[in-house]
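Overview (structure and organization)
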Number of protein chains: 2
Amino acid sequence: MEYPAEKIISEFCCNLLASVGVPADDAQVVAAVLIDTSLEGIDTHGLSRLPAYLTCLKNGRINKEPQIRVVKSGAVASIDGDNGLGQLVAVRSMQVAIDLAKEFGIGLATAKRSNHFGAASYFCKMAAGQGMIGQVFTNAPPAMPPWGGMRPYFGTNPVAFGIPQEEYPVVIDLSSSNVARGNVILALKEGRSIPLGWAIDKEGRPTTDPKEALEGAVLPVGGAKGYALALAVEVMAGILSGSAYGLDVGFIYDDKKEPANIGHSFIAIDVSRLMLDDTFTERLSDMIQGIKAVPLAEGYSEIRIPGEKRHRIMQERRKSGIPVSQTLLKELNILATELGVSPLSTE
Amino acid sequence: MEYPAEKIISEFCCNLLASVGVPADDAQVVAAVLIDTSLEGIDTHGLSRLPAYLTCLKNGRINKEPQIRVVKSGAVASIDGDNGLGQLVAVRSMQVAIDLAKEFGIGLATAKRSNHFGAASYFCKMAAGQGMIGQVFTNAPPAMPPWGGMRPYFGTNPVAFGIPQEEYPVVIDLSSSNVARGNVILALKEGRSIPLGWAIDKEGRPTTDPKEALEGAVLPVGGAKGYALALAVEVMAGILSGSAYGLDVGFIYDDKKEPANIGHSFIAIDVSRLMLDDTFTERLSDMIQGIKAVPLAEGYSEIRIPGEKRHRIMQERRKSGIPVSQTLLKELNILATELGVSPLSTE
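First, a word on scope: everything that follows refers to the structure included in this document. (Residues numbered from 1 in each chain as written. Chains lettered and ligands numbered in written order. Predicted model: local features only at pLDDT ≥ 70, side-chain atom pairs only at ≥ 80, totals over all residues. Heavy atoms only, no water.)

Below, the discussion takes up the pattern of salt bridges. Tallying each qualifying case throughout the model produces 36 salt bridges over all chains. Measuring nitrogen to oxygen at the nearest pair gives 3.4 Å for the salt bridge that ties glutamate 302 of chain B to arginine 304 of chain B. Classification of arginine 304 of chain B by relative accessible area gives partly exposed; the value is 34%. Glutamate 302 of chain B is the partner of arginine 312 of chain B in a salt bridge, and the nearest nitrogen-oxygen pair spans 2.9 Å. With a gap of ten residues between them, arginine 312 of chain B in helix 10 (residues 308-320) and glutamate 302 of chain B in the loop between helix 9 (277-292) and helix 10 connect regions that are remote in the sequence. Judged by relative accessible area, which is 27%, glutamate 302 of chain B ranks as partly exposed. A network of salt bridges, in which partner residues are shared, links Lys292, Glu302, Arg304, Glu308 and Arg312 of chain A. (Salt bridge = Lys/Arg side-chain N within 4 Å of Asp/Glu carboxyl O. Buried < 20%, exposed > 50% of the residue type's maximum accessible area, 1.4 Å probe, protein only. Helix = DSSP H or I, 4+ residues; strand = E, 2+ residues; numbered from the N terminus.)

Written out as structure tokens, the structure reads:
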């Protein structure tokens, strides 16, 4: 494991994106999201995704110079991402929602023809940073069956909330599956079985075998509840935006050439329209104290607020650097050499 | 079990509410919500709640003649329910959100100083009936600990969505607990143990004993995920509305006299601002067909769309009448006699 500093990785990211033709301003936006996600400790959705994005940018599956179009009507906007990088489309869209909320108290922006946007946290924090509550929805490639079905139809469709707080933004990021597919892959690698309820095999039978699970599907959280949540998210992010939905949502890790046509939606709510900022802050802070004051259950050493762990990890990584595995480092530096970019320095 | 017709129960409900001083128009609104909920088969949240409401209306814990106040700013509104019946406050608030969405494309109404509003479905369907996507949040009396805690702090805080569809509205109503407390009560009555993961005892230890569970707390769905969802709902419904939150949310079944001061929030999104109504309908209908076409897993005979079962039960009960247990019938008729209202006829 290497631990390059934030600034160095950031520059490296920008250079790589620019080298395949992403305009400098857009590259900075995308790099900021990736680095922030890695700083938060969500390593599966940050820097580790860059090689796949670069491949898609090179082969044209993702548009390196999208003309993102925004059509506003009242406090809502529909956005055409022109097959740009998901992070770029999402940042633009959340900014539109925030601007609408400044004007109307609440704003909604839906986005179609987008791509995988990484983790929702960054966009949630954009809203929270402006004193707003943010809601983020995105669909994703099929990985999870509807309740009672044996083949994937929905992605692990997350809904996320950002809530402004003084010490750190509260970030709630809920996928509608029980566990991410990554946990199943990890179990396979480590030769462990998986708990019942995580996944089904390709015949739709509950399985504890990670290999069979990967040929089947992950299961929704809370059974029928997670399915219902996935459906709500698919409507908010997919149906309402005009993007692909269900089985038509593309997966950038496969061999196809069609754009993924992922959909998102973003809501921003200006807290100051409903109560004084101070009142909201005081009430939220009092609630957090109340939660922290609940006596601990056996085996727990603290009650964490969603967003607290991310915040702690970010503070640590800002000092110690961002952990980059040798595998990822090698992958990135091979790409860098191919693209004529200086390799990532690990000194 | 008796099966009085919808119309007869509805009139009976209105008469009971009027007899304790609820104005006729308000009584009709509240009765409509209760009857609709019972028609949908959600018997735990419909007519069965009326005795408790009548008790609170009689003893002044709920205000029978609330002056509900609405303060609008742009596309958002904050509403003071003046301690009125939750159903009344919720119907008024969702109507405000819908009216705002007609004007701006999206509308948000928060409500404080409200009471238990029953099931969220009715309010979701109000939005769907106007071609809008609805979101409903409410807090509730403490029943569930934060993840890692051993004492309740949050209610079983639900988030609900209503989605307009031609055949029946899609209704997604997700409590943030694994199961409702009612399931634990039922297990106790039937002498069954409960599965691990449903609840903890008063020391915070996982339990399969329903008696110990009732002295403890129900657990969030998906562990930390349900806790995070409960927190998001508490912010949307409680913190943002100005209502009570956490341990201060009142429970109308206890002996206290203070108002429950429950908070809700309602968002309506006018689909026609983002795409043609027809387009939305076609896309949704295509998605529903796609979901239904997923091959069934072992042990399942169909894949249901959220809202479909409610719709079927409602069609049945519109013909066969609403099932009312002898216990509830007796309770209601004793109240009727006390209040000088003609008893519920079961002929």
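On we go from here.
Across the boundary between the two partners, chain A contributes 73 residues, which contact 73 residues of chain B. Interface of chain A and chain B: buried area, both sides summed, is about 6,200 Å²; carbon and sulfur atoms make up 73% of it. The three residues of chain A that bury the most area against chain B are Lys225, Leu274 and Arg283 of chain A, which together make up 11% of that side's buried surface. Scanning the region where chain A abuts chain B turns up zero salt bridges. For the side of chain A that touches chain B, the secondary-structure elements that each account for two or more residues are strand 2 (76-80), strand 3 (106-114), strand 4 (132-138), strand 5 (159-163), strand 6 (170-174), helix 8 (224-239), strand 10 (262-270) and helix 9 (277-292) of chain A. The element contributing the most residues to the side of chain A that touches chain B is helix 8 of chain A, with eleven residues. (Contact = heavy atoms within 4.5 Å. Buried area = accessible area lost by both parts, 1.4 Å probe.)

Here we have three strands laid out as an open sheet, ordered 8-7-9 (chain B), and antiparallel in their pairing. Both outer strands of the open sheet, strand 8 (206-207) and strand 9 (217-218) of chain B, are each paired with one neighbouring strand and no more. (Pairing = 2+ DSSP bridges.)

Residues Trp147 of chain A together with Leu296 and Tyr300 of chain B make up a contiguous nonpolar surface patch of roughly 250 Å² in combined accessible area. You can see tyrosine 300 of chain B is positioned in the loop between helix 9 and helix 10. When its relative accessible area of 35% is taken as the criterion, tyrosine 300 of chain B is described as partly exposed. (Patch = residues over 30% accessible without salt bridge, like charges linked within 9 Å, V, L, I, M, F, W, Y side chains within 5 Å. Areas by Shrake-Rupley, 256 points an atom, 1.4 Å probe, with all protein chains shown as cover.)

Residues and elements named next belong to chain B. At a minimum axis separation of 10 Å, helix 3 (residues 50-59) and helix 11 (residues 326-339) run at an interaxial angle of 25 degrees. As summarised for this structure, helix 3 and helix 11 are arranged roughly parallel, according to the angle between their axes. Seen along the crossing, helix 3 lies across helix 11 with a hand that is left-handed. Residues Leu50, Pro51, Leu54 and Lys58 of helix 3 pack against Leu328, Glu331, Leu332, Leu335, Glu338 and Leu339 of helix 11. Grouping the constituent residues of the contact of helix 3 with helix 11 by class yields seven nonpolar, no polar and three charged. (Axes fitted to C-alpha atoms, helices over the stretch in contact; angles between N-to-C directions. Parallel < 35°, antiparallel > 145°, perpendicular 65-115°, else oblique. Left-handed = near helix turned anticlockwise from the far one by under 90°. Nonpolar A, V, L, I, M, F, W, Y, C, P; charged D, E, K, R; others polar.)

As a further point, take the pairing of strand 2 (residues 76-80) of chain B. All names here are of chain B. Taking burial as the measure, the five residues of strand 2 include four buried ones, the bulk of the element. Where strand 1 (residues 69-73) hands over to strand 2, the hairpin turn is made up of two residues, of which glycine 74 adopts a positive phi near 60 degrees. The sheet contact formed by strand 2 and strand 3 (residues 106-114) spans five bridges and is parallel. Directly across from isoleucine 79, in strand 3, lies its bridge partner alanine 111. One crossover worth recording links strand 2 to the parallel strand 3 by way of helix 4 (residues 86-104), and it is right-handed. (Right-handed = clockwise from strand over helix to strand, strands pointing away.)

Direction vectors running N to C along helix 9 of chain A and helix 8 (residues 224-239) of chain B enclose 145 degrees, while the axes themselves pass 11 Å from each other. Of the two elements, helix 9 of chain A crosses helix 8 of chain B, and the hand of that crossing is right-handed. Between helix 9 of chain A and helix 8 of chain B, the contacting residues are Phe280, Arg283, Leu284, Met287 and Ile291 of chain A on the first element and Tyr227, Leu231, Glu234, Val235, Gly238 and Ile239 of chain B on the second. By residue class, the composition of the contact of helix 9 of chain A with helix 8 of chain B is eight nonpolar, one polar and two charged.

All names here are of chain B. Counted at 1.5 Å a residue, the expected span for helix 11 with its 14 residues is 20 Å, and the 20 Å between its end C-alpha atoms agrees. When helix 11 is considered as a whole, its buried residues turn out to be Leu328, Leu329, Leu332, Asn333, Leu335, Ala336 and Leu339. The buried side chains of helix 11 occupy one side of the element, clustering within an arc of 160 degrees when seen end-on. Exposed and facing more than 90 degrees away from the buried side of helix 11 are Thr327, Lys330, Thr337 and Glu338. (Expected span 1.5 Å × (residues − 1). Arc of directions from axis to C-beta.)

A separate point is the side chain of aspartate 201 of chain A. Relative to the helices and strands, aspartate 201 of chain A resides in the loop between strand 7 (199-200) and strand 8 (206-207). Given a relative accessible area of 7%, aspartate 201 of chain A falls into the buried group.

Within this structure, the stated rule accounts for 19 aromatic pairs over all chains. Here the aromatic rings of phenylalanine 154 of chain A and tyrosine 227 of chain A are separated by 6.0 Å at their centres, their planes lie at 45 degrees, and the arrangement is tilted. Of the two residues, phenylalanine 154 of chain A is situated in the loop between strand 4 and strand 5 and tyrosine 227 of chain A in helix 8; the sequence distance between them amounts to 73 residues. Here the two residues phenylalanine 154 of chain A and tyrosine 227 of chain A agree in accessibility, since each one is buried. Ring centres of phenylalanine 161 of chain A and phenylalanine 137 of chain B lie 6.5 Å apart, and the angle between their planes is 75 degrees; this geometry places the pair in the edge-to-face category. Residue phenylalanine 161 of chain A is found in strand 5, and its partner phenylalanine 137 of chain B is found in strand 4 (residues 132-138); the two belong to separate chains. Owing to a relative accessible area of 4%, phenylalanine 161 of chain A belongs among the buried residues under this scheme. (Phe/Tyr/Trp six-rings, centres within 6.5 Å; stacked < 30°, edge-to-face > 60°.)

Turning our eyes to something else, we now look at the sheet that holds strand 3 of chain B. Residues and elements named next belong to chain B. Strands sit in the order 1-2-3-10-4-5-6 across an open sheet of seven strands; the sheet is mixed. Where the open sheet ends on each side, the last strands, each with one partner, are strand 1 and strand 6 (170-174). Here the strands of the sheet are splayed against their neighbours by 15 degrees on average, with no regard to which way each runs. Pairing between strand 3 and strand 10 (residues 262-270): seven bridges, direction antiparallel. Paired with alanine 111 across the bridge in strand 10 is histidine 264. Against the sheet, helix 4 touches strand 1, strand 2, strand 3, strand 4 and strand 10, its axis set at about 160 degrees to strand 3. Its contacts with the sheet place helix 5 (residues 121-129) against strand 4, strand 5 (159-163), strand 6 and strand 10, and it is angled at close to 155 degrees to strand 4.

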